[in-house]
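If you want the building blocks of each chain, they are given just below.
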Amino acid sequence: MLKSLQMKLVLILMLLVIAVMAVVGTFLINSVTAYNIAEFQNQVANFFQHHSEELEQRAEGDQPVESMEEMLKSYTRALGLSNSRNFYIVDGETGQFVGSSEEREEAGGAQEPFTDLTPNMITAMGGEVGQQINALSPYFDVAMPLDGGRYVFAVVDNKTELNDLTWNIFTILLRSLMFGLAVAIMFSFILARTITVPVQNLTKMATRIAKGDFSQRPQTDSSDEIGTLTRTFGEMAQVLETTLSEVNGERNKLNTLFLHMADGMVAFDKNGHILHMNPAAQRMLGLTFDPQMTYTQVFPNLNIDDSDLGEDGKYIEIDYAANKRILKIFLAMFGTQDDDYSGVMAVLHDITEQTKLDSSRREFVANVSHELRTPLTNVKGYTETLLDAGDDIDAETRQKFLGVIYNESDRMTHIVKDLLTLSQLDYGRMEMEMTELPVQMIVSNIASAMMIEAKNQNITLTTTFGDNLPNLLADRARMEQVITNIVANAVKYNKPGGSVHIGVEYQAPHVVITVSDTGMGIPQEDIPRLFERFYRVDKARSREKGGTGLGLAIAKEIVEQHNGTIQVESQLDVGTTVTIRIPAADSGQEAAQ
Ligand code: ADP
């Protein structure tokens, strides 16, 4: 490019020099020719003015030709005669050349003798002066009639001298042209350098800036157009750098946001090829980002109508199941339809937990209503009967009915109490009074308390305690509530003649309490649901035994608030083992408040 700029300048200057030379040359040669002819005509006219009389006399005298020739030859200077310029005397009647200044013998053929009559001579033969000049003819001449046209006196110049002069001028011009061209080339290179060096610098700078290197700015003191361009370029680079760093900042912010946001984000270009997929989206969809992915691979079952997306902020909200999750997907367009960088952005909300929570909340409300409705119906039924019957009912039946009403109210109280306990545990409102508890004493007391109930049902209750048991760090009342509930279940869901064993041992850093029974057991598929609220394996039996279906749920909450775990293993018709692990007081673990 720079080369071509130099070449252009060289070419322009060369053409300029050639054009100037051509104009000057043409003007000069034309002027010289015109001057030469005018000078010739003046010379002849001048001569004629002064010597025409004498010439006329000689033309009329004896031997006119010889006489005239002699006279004219003596005026060589005045007539400017030379090798190229001669005079001729022509016989006016015959048109024969009768005299001339030509040294024909001496010339020896070096110069062709002039023998043809010129138009001017013919004019003079008619008695008039012939002085027409034809620029194209190889000569120029003037012819005068003498003695009324009997003779014609003509001076003819065959242009040899003029041509020589013109050629000399031409060669001088040619040399000047060569010199001019050499100077032009030299100047054009110097000129080109003054333009190309700043342009080259600017080009280097632009290349660096295009690669993102803004460390150097173009500097110039020049006030010409290139100087202005350089300064403007520098300002543009400054603006570009600021804009780029702003864009980078924004991009970094967005990258950090995309990387850490809890919602999934997937972006596709207008052809459906993936652009971005943040870690949350990869987790939710169970996919790993691959730049080759397309929309249909990311969302195989998500068919949307493109017309529902628009530039005016329209978006599509759709529930989508993938990777065992329920997602709420918001699809919106970014950029404009004609924009090459437009596409579709999908924001993914994982609503699996929320959906589960919603359904368990609905289930819970249904369960509470159901659990309370049964005793309420009974209370209402028996009360109505008592009221309707008035005094018609015997004392024994009345007593029985009142007993039922009392039991049902008691059941409702139990349920409400348990629900209240759960709600307090849920909202962290239950105050835990953490103290060091002698676990052996607590378990022994519970075993003793349960012994009567166990005996009633013909069940053997035994305990074993490991050596050097550490204390528990726990809330006494809550811990007693948990252990009592587990042991009561082991008795409740046992078989007559069965046994319950409570074992306590220390497995650092936990104290492990195991309650095993030889009861009816629990089907494997029910075990994971045992800790759900109101979940019962055998509903009839549980109710009959006064259970609310909330015992294990409460036990789990309490144990977890003590940083412990509770676990159930069971075999149908063989027995169940419930294992509780609570951090020991000296294990260094802080229990939750
Ligand atoms: P409930 O008040 O009904 O006993 P729980 O939450 O304590 O409620 O227990 C939930 C269910 O788990 C019970 O209804 C019962 O079906 C089953 N279950 C609990 N413990 C045992 C056990 N030791 N043996 C067999 N089934 C049990």
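Residues numbered from 1 in each chain as written. Predicted model: local features only at pLDDT ≥ 70, side-chain atom pairs only at ≥ 80, totals over all residues. Heavy atoms only, no water.

**Student:** When you look at helix α10 (residues 352-389) in this model, what are you seeing that I'm missing?
**Tutor:** The terminal C-alpha atoms of α10, which comprises 38 residues, lie 55 Å apart, in line with the 56 Å expected from a rise of 1.5 Å per residue. Residue R373 marks the point of greatest curvature in α10, where the axis turns by about 25°; the proline P375 follows within four residues. Restricting attention to buried positions, one finds in α10 the residues T352, V368, E371, P375, V379 and L386. In this fold, the buried residues of α10 make contact with β8 (325-334), β9 (343-350), α11 (395-426) and α14 (539-544). Positive phi appears at G390, one or two residues downstream of α10, with a value of about 60°. (Helix = DSSP H or I, 4+ residues; strand = E, 2+ residues; numbered from the N terminus. Expected span 1.5 Å × (residues − 1). Bend = angle between axes of the 7 residues up to and from the residue. Buried < 20%, exposed > 50% of the residue type's maximum accessible area, 1.4 Å probe, protein only. Contact = heavy atoms within 4.5 Å.)

**Student:** Which parts of the structure should I look at to understand the environment of A322?
**Tutor:** Looking at where A322 falls in the secondary structure, it is placed in strand β7 (residues 315-322). Each C-alpha atom, one on A322 and one on G286, is 8.2 Å from the other, the two residues being 36 residues apart in sequence. Setting aside residues up to four positions removed in sequence, A322 forms contacts with M284 and L285.

**Student:** Looking at this structure, how should I read the site of the ligand?
**Tutor:** Taken together, 21 residues are adjacent to the ligand, and N489, Y493, S542, T548 and L552 come closest. In the model, an oxygen atom of the ligand is placed 2.8 Å from a nitrogen or oxygen of the Y493 side chain. Computed on the free molecule, the ligand has an accessible area of 530 Å², of which 96% lies beneath the protein chains in the complex. Counting residues per element, the ones that place at least two in the shell around the ligand are α13 (476-492) and α15 (551-561). In terms of residue count, α13 provides more of the shell around the ligand than any other element does, four residues in total. When its residues are assigned to classes, the shell around the ligand shows eight nonpolar, nine polar and four charged. (Near = heavy atom within 4 Å. Polar contact = N/O pair within 3.5 Å; in protein donor to acceptor, adjacent residues only side chain to side chain. Areas by Shrake-Rupley, 256 points an atom, 1.4 Å probe, with all protein chains shown as cover. Nonpolar A, V, L, I, M, F, W, Y, C, P; charged D, E, K, R; others polar.)

**Student:** I'm lost on the pattern of salt bridges in this one. Help?
**Tutor:** Here the structure, examined in full by the defined rule, presents 19 salt bridges. Residues K356 and E353 are paired through a salt bridge, measuring 4.0 Å at the closest nitrogen-oxygen approach. Placement of the pair is K356 and E353 together in helix α10, with a separation of three residues, close to one helical turn. Three or more residues are tied together by salt bridges with common partners; here these are E54, R58 and E70. (Salt bridge = Lys/Arg side-chain N within 4 Å of Asp/Glu carboxyl O.)

**Student:** Sorry, what's going on with the packing of α10 against α11 here?
**Tutor:** In contact at an axis separation of 9 Å, α10 and α11 are set at 160° when each is read in the N-to-C sense. On the basis of their axis angle, the class for α10 and α11 is roughly antiparallel. α10 and α11 meet at a crossing whose hand is left-handed. Judged by residue contacts, F364, V368, E371, L372, P375, L376, N378, V379, Y382, T383, T385 and L386 of α10 engage R398, F401, L402, V404, I405, E408, S409, R411, M412, I415, V416 and L419 from α11. Class assignment for the residues of the contact of α10 with α11 results in 16 nonpolar, four polar and four charged. (Axes fitted to C-alpha atoms, helices over the stretch in contact; angles between N-to-C directions. Parallel < 35°, antiparallel > 145°, perpendicular 65-115°, else oblique. Left-handed = near helix turned anticlockwise from the far one by under 90°.)

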